[in-house]
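The chain contents come next:
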Amino acid sequence: MARPVFLLPLALVLLASTIASADVVEHSFYVQNLTVRRLCHEQVITAVNGSLPGPTIRAREGDTLVVHVFNKSPYNLTIHWHGVFQLLSGWADGPVYATQCAIRPGESYTYKFTVTGQEGTLWWHAHVQWLRATVYGALIIRPRAAHNYPFPKPHKEFPIILGEWWNANVIDVENEGLASGGAPNNSDAYTINGQPGDLYQCSKKHTHKIKVVHGKTYLLRIINAALNNQLFFKIAKHKMKVVAVDAAYTEPYVTDVVVIAPGQTADVLLTADQSVGSYYMAARPYASAAGASFDKTTTTGIVVYDGATSSNPEMPVLPAFNDTPTAHKFFSNLTGLANGPHWTPVPLDIDEHMFVTFGLGLSPCDGNATCGGPLGQRLSASMNNASFQFPTTLSMLQAFFEGVSGIYTADFPDHPPVQFDYTNPNISLDQSLIFTPKSTSVKKLKYNATVEIVLQNTAFVGVENHPIHIHGFNFHVLAQGFGNYNATTDPKKFNLVNPQVRNTIAVPVGGWAVVRFRANNPVQQMCMVGALPPGCSPAVGAGDSFRGRERPNSIVHAASAAG
């Protein structure tokens, strides 16, 4: 019996050491109106602590974050911690009426959660309507003290947050789109750390700059906070080395262009190895939907070498807006860092198979009116022919936890109600398929179940690349491709050794992706979100909650396009 007596004190020492290495990181967010000047125009926006972007939160893996949110804005508000697992803290995840009710104007709410098993770049943003256009910021998670990155330590780190800007109140823009039933107005600019860059009018002083020293290597933490647009990002004459995406380490991947969907992050190493001078970093959209209207402008920042004398930065050659081969090459060539920090092998035994079609659909225009969508109807995003409708009286997590009926129904389908030629452009406006009924439907999963989902893009209204986000979980991206998924041949393409790990995936235009994850997060409401214009889309997700002493179950449900 001597050995167990020895092991217990040792275990207690190790536990105490782990706790001692973790800190409590506390912030206060004051959310209120802010008047800023952009593009020769003064605009009142909603912002946190008087800045755009909002505060950068820096923590280490294992730290507990406590964020006090004081809503002094005129709008309902929640904050979503995009990509955080929220282990045993589902109430803090933030999607309104999924895990909590809104923080009303004049009220406050404290988010408390521990960052466990994650290192890299995540972010936070508002999760009510379009407020996340200006209410967002970086969440940087470094390794614990005495732990190292799985790559050489950079000389310095720079958050690079890509965003969108409207010369209008974004809530009004969203509401006008919803009222018309058509697409909302396009943004007027893109931004880098809240600045549009000097290619826009009145913006020479609104250009973000980073200073570098020749020969040094820097870590750029790139976040796409844009509402609706995927973006190409380049730095003139420089290569970048991707070392992580969505706070999950990757095998180093060298590229001259980063492609990043709304909600995604990428950690890249930049070595200042060119002639001393100034170089533009630039971003503009990857727009895969043929014929669709979008903001065609380009945002810029400047990389300035120490000692540079030239005031004329060199400009990178950006891909064409519709350069799908470049986008697919980037997205499909990334692989996970197997056996690196926090690596989780691919689960091989599957308990739940789901096949989820998604894209834009239509819903009937009210009465005899004519709406702004195709066929005079309303645009209405869809998954498995269901368009999600949020509850309005109680959050889904609270309803599940307290056993309240009537808030949602447990009948979200594993497959679309009918099979069809999903990516055939001829079905674009097929009225027998395109109308999507509203529902608040969920699918229950058993705790610790392994779930495999085929995400199948459709050609309804138009064919485009769609981002999908899962709250509270990472997933392995086993494979992705174009056309209709083939259940016989495409599984042969699965990477079960070192697939990339993400919380947000850009499903290829007119194509598919297969993801796999384990629903092992008790007291967590997880949702999958498609960042689909015009603002509200159904989605599938999973989460679990304890009810008293029962074994945790999981809920799969639809959610908003905000992500």
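Below is a summary of the structure that appears in this document.

Thresholds, definitions, all that
Residues numbered from 1 in each chain as written. Predicted model: local features only at pLDDT ≥ 70, side-chain atom pairs only at ≥ 80, totals over all residues. Heavy atoms only, no water. Helix = DSSP H or I, 4+ residues; strand = E, 2+ residues; numbered from the N terminus. Buried < 20%, exposed > 50% of the residue type's maximum accessible area, 1.4 Å probe, protein only. Contact = heavy atoms within 4.5 Å. Areas by Shrake-Rupley, 256 points an atom, 1.4 Å probe, with all protein chains shown as cover. Pairing = 2+ DSSP bridges. Axes fitted to C-alpha atoms, helices over the stretch in contact; angles between N-to-C directions. Core = buried A, V, L, I, M, F, W, Y, C linked by side-chain atoms within 4.5 Å. Arc of directions from axis to C-beta. Salt bridge = Lys/Arg side-chain N within 4 Å of Asp/Glu carboxyl O. 1 Å grid on protein atoms, 1.4 Å probe; cavity = no way out; pocket = protein on both sides within 12 Å on 5 of 7 lines; lining within 4 Å. Points joined across faces, edges and corners; volume = space filled by probe spheres on them. Nonpolar A, V, L, I, M, F, W, Y, C, P; charged D, E, K, R; others polar. Disulfide = S-S within 2.5 Å.

**Section: the overall build of the protein**
Then, number 1: For the protein, the count of helices and strands is 4 helices and 33 strands.
Then, number 2: Residues counted as buried form 60% of the 563 residues belonging to the protein.
Then, number 3: When contacts within the protein are restricted to residue pairs at least 6 apart in sequence, those whose partners lie at least 24 apart make up 78%.
Then, number 4: Taken as a whole, the protein presents about 22,100 Å² of accessible surface, with 52% of it coming from carbon and sulfur.

**As for the sheet that holds strand β5 (residues 79-82)**
Then, number 1: Ordered by their spatial adjacency, 4 strands build an open sheet running β3-β8-β7-β5, and the pairing between neighbours is mixed. The open sheet is flanked by β3 (57-60) and β5, the only strands paired with a single partner. Ignoring strand direction, the axes of neighbouring strands in this sheet form an average angle of 20°.
Then, number 2: By the bridge criterion, 6 bridges tie strand β7 (residues 120-126) to strand β8 (residues 136-142) in an arrangement that is antiparallel.

**Structural notes on the nonpolar core**
Generally speaking, soluble globular proteins have nonpolar side chains that are buried together.
Then, number 1: Grouped together as the largest cluster of nonpolar side chains are 56 residues, with contacts concentrated most on I160, L162, L220 and F233.
Then, number 2: By residue number, the principal contributor to this core is strand β9 (residues 156-165), which donates 5 residues.
Then, number 3: Ignoring sequence-local partners within four residues, the contact set of L162 consists of T191, I192, I222, I223, N224, A225, A226, L231, F233, I260 and A283.

**Details of helix α2 (residues 170-180)**
Then, number 1: Of all the residues in α2, the buried ones are V170, I171, V173, E174 and G177. On an axial view of α2, the arc spanned by its buried residues comes to 160°, and they lie on one face.

**Quick word on the pattern of salt bridges**
Then, number 1: The full count for this structure, using the stated rule, is 12 salt bridges.
Then, number 2: Across the pair E314 and K237 runs a salt bridge, and its minimum N-O distance is 3.2 Å. With E314 in the loop between β19 (299-305) and α3 (324-333) and K237 in the loop between β13 (230-235) and β14 (240-245), the pair connects residues that are 77 residues apart, well separated along the chain.
Then, number 3: Accessibility expressed as a relative area gives 34% for E314, which makes it partly exposed.
Then, number 4: Residue class for K237 comes out exposed when judged on its relative accessible area of 53%.
Then, number 5: Here D490 makes a salt bridge to K493, at a shortest N to O gap of 2.8 Å.
Then, number 6: The network of salt bridges with common partners includes R142, E157, R221 and D267.

**Thoughts on α3**
Then, number 1: Those residues of α3 that sit buried are T324, A327, F330 and F331. Down the axis of α3, the smallest arc covering the buried residues is 135°, so these residues share one side. Set apart from the buried face of α3 by more than 90 degrees, the exposed residues are P325 and K329.

**Some thoughts on empty space enclosed by the protein**
Then, number 1: The final tally for this structure, using the stated rule, is 3 cavities of 30 Å³ or more.
Then, number 2: Taken as a whole, the second largest cavity encloses approximately 50 Å³ of empty space.
Then, number 3: If you go around the second largest cavity, the residues you meet are Y286, T324, A327, H328, F331, N465, Q480, F482, A506, P508 and V509.
Then, number 4: Among the elements that take part in the lining of the second largest cavity, α3 stands out by supplying 4 residues, more than any other.
Then, number 5: The class makeup of the residues in the lining of the second largest cavity is 7 nonpolar, 4 polar and no charged.

**Description of the state of the cysteines**
Among covalent bonds in proteins, the disulfide is the one between the sulfur atoms of two cysteines.
Then, number 1: Counting across every chain of the model gives 2 disulfides.
Then, number 2: Two residues, C40 and C202, share a disulfide whose sulfurs are 1.8 Å apart. Linking C40 and C202, the disulfide has an S-S dihedral of approximately 95° and is accordingly described as right-handed. Taken together, the residues C40 in the loop between β1 (24-38) and β2 (41-48) and C202 in the loop between β10 (189-192) and β11 (208-212) connect sequence positions 162 residues apart.
Then, number 3: Residue C40 is classed as partly exposed on the basis of its relative accessible area, which comes to 30%.
Then, number 4: For C202, a relative accessible area of 48% puts it in the partly exposed group.
Then, number 5: Across a sulfur-sulfur distance of 1.9 Å, C365 and C371 are joined as a disulfide pair.

**Points about the pairing of strand β12 (residues 217-224)**
Then, number 1: Counting buried residues in β12 gives 7 out of 8 residues, a clear majority hidden from the surface.
Then, number 2: Where β9 lies against β12, 7 bridges are found, and the strand directions are parallel. Residue pairing in the sheet places K156 in a bridge with Y218 of β12.
Then, number 3: In terms of strand pairing, β12 meets strand β17 (residues 265-271) through 7 bridges, oriented antiparallel. Within β17, the position partnered with T217 by the bridge is T271.

**Some details on unusual backbone geometry**
Then, number 1: A cis amide bond links L52 with the next residue in sequence, P53, at an omega value of -5°.
Then, number 2: Structurally, P53 can be placed in the loop between β2 and β3.
Then, number 3: A positive phi angle is found at N339, which is not glycine, with a value near 70°.
Then, number 4: Along the polypeptide, N339 turns up in the loop between α3 and β20 (352-363).
Then, number 5: With a relative accessible area of 73%, N339 lands in the exposed category.
Then, number 6: At H342, a position not held by glycine, the phi torsion is positive, near 65°.
Then, number 7: Here H342 is to be found in the loop between α3 and β20.
Then, number 8: For H342, a relative accessible area of 37% corresponds to the partly exposed category.

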